[in-house]
Amino acid sequence: MTDNDTHGNEPTTDESTIDRRSLVKATGTAIVGGAGLAAASNSASAQIGGPDIITVDDGLFGWSADGSLPVTDELLVFIHGWFGDSSVSSQAADVLRSLESGGYSPARTVAIEWPATTINYFGAERDTEDVGEVVAGLAEDFSDAGGGRIHLVGHSLGGRCVYWTSAKLASGYELETVAGLGTAADGSEICGDPWNAGLSNACEVRNYHSQNDSTVGSAYGGLGDTALGTEGAGCNPAPNYTDIDVTGSVGSHLSYLGDATVGADLAAAINDGSCGDTNGGDDGSDDGSWWS
């Protein structure tokens, strides 16, 4: 979600779904307004012209992308959340700025734009699986073409997209970094199928959450569960997964974007390179030690 993004699972008859429906109805205007807020946060990028934009959409022949990932050694890919398509470039630039301030600069940055501007939140939530599958295909093509490390960051519903991307990745491919910012999901989702199994397709997985993120907290979690973007997983998903509590610096759902603490932590994790040098299309033989 963003304050342009809000959340919910597919409609069921349980109490949590009723809360989500109520949230969507009550905060629709604020969410749309949040898109303008994100757009206004335009920040400079070292990449001339700002991040590249690749559009992922549902067309006549199904979901597809209108371009391919630029083949380079270090690539940052950002995916926005609900109502974030109009401001995805500035959101990606904010994330890039925070990483650069933290000491990491990718060779190129790409923002994935998908049709998230819809009052049908539940439909947008379902679409994140298709978006994730398309991005997984882009990552596989990138690796086949000789690309290096991909660092995938998603905000709100975009967090769902990045976890779906990891889950949809074919055998023999790996994402260097997967990071969710205020991910719109229940904590139990990261510990269950298919997301949990997909974590093995990433080297480093970091989930940033804040107790101040009432947007996610109002829509997810509940009795016996947690809100992934507010409280973290509430379980132990995998040895390469880390919950990062940024309550001290992130005061709202949109505040993850450009946050210095988030940027510094993620930059340090990327620069640490604890999973080794994995170049595109490898057979996974060099990452067995960290996963076992």
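Fair warning: this is a prediction, and the values are worked out from it, not measured in the lab.

Considering the packing of helix H3 (residues 121–144) against helix H4 (residues 157–168)
And step 1. At a closest axis distance of 7 Å, the pairing of H3 and H4 adopts a crossing angle of 45 degrees. As the angle between them shows, H3 and H4 are arranged oblique. The interaxial crossing formed by H3 with H4 has right-handed handedness. Here Tyr121, Ala124, Glu125, Thr128, Glu129, Val131, Gly132, Glu133, Val135, Ala136 and Glu140 of H3 come into contact with H4, specifically with Leu157, Arg160, Cys161, Trp164, Thr165 and Lys168.
And step 2. Partitioned by chemical class, the residues of the contact of H3 with H4 number 8 nonpolar, 3 polar and 6 charged.

Some words on the pattern of salt bridges
And step 1. With the rule as written, the count across this model stands at 9 salt bridges.
And step 2. We note a salt bridge from Lys168 to Glu129, for which the minimum N-O separation is 2.9 Å. Taken together, the positions of Lys168 in helix H4 and Glu129 in helix H3 put the pair 39 residues apart, joining distant regions of the chain.
And step 3. Accessibility expressed as a relative area gives 28% for Lys168, which makes it partly exposed.
And step 4. Here Arg206 and Glu204 are joined by a salt bridge, their closest N and O atoms 2.5 Å apart.
And step 5. Owing to a relative accessible area of 11%, Arg206 belongs among the buried residues under this scheme.
And step 6. What you see here is one network of salt bridges that share partners, running through Glu74, Arg149 and Glu176.

Things to note about the side chain of Asp186
And step 1. Within the secondary structure, Asp186 sits in the loop between strand E6 (175–181) and helix H5 (187–191).
And step 2. Under the relative-accessibility criterion, Asp186 is labelled buried at 7%.
And step 3. Of the polar contacts made by the side chain of Asp186, one reaches the backbone nitrogen of Gly221; its length is 2.8 Å.

Comments concerning the pairing of strand E3 (residues 74–79)
And step 1. Summarising burial for E3: 6 of the 6 residues are buried, a large majority.
And step 2. Residue alternation in E3 divides its side chains into two sets, Glu74, Leu76 and Phe78 and Leu75, Val77 and Ile79, and both sets are buried.
And step 3. Relative to strand E5 (residues 149–155), E3 is paired through 6 bridges, and the arrangement is parallel. Note that in E5 the partner of Val77 across the bridge is Leu152.

Procedures and definitions
- Residues numbered from 1 in each chain as written.
- Predicted model: local features only at pLDDT ≥ 70, side-chain atom pairs only at ≥ 80, totals over all residues.
- Heavy atoms only, no water.
- Axes fitted to C-alpha atoms, helices over the stretch in contact; angles between N-to-C directions.
- Helix = DSSP H or I, 4+ residues; strand = E, 2+ residues; numbered from the N terminus.
- Parallel < 35°, antiparallel > 145°, perpendicular 65-115°, else oblique.
- Left-handed = near helix turned anticlockwise from the far one by under 90°.
- Contact = heavy atoms within 4.5 Å.
- Nonpolar A, V, L, I, M, F, W, Y, C, P; charged D, E, K, R; others polar.
- Salt bridge = Lys/Arg side-chain N within 4 Å of Asp/Glu carboxyl O.
- Buried < 20%, exposed > 50% of the residue type's maximum accessible area, 1.4 Å probe, protein only.
- Polar contact = N/O pair within 3.5 Å; in protein donor to acceptor, adjacent residues only side chain to side chain.
- Pairing = 2+ DSSP bridges.

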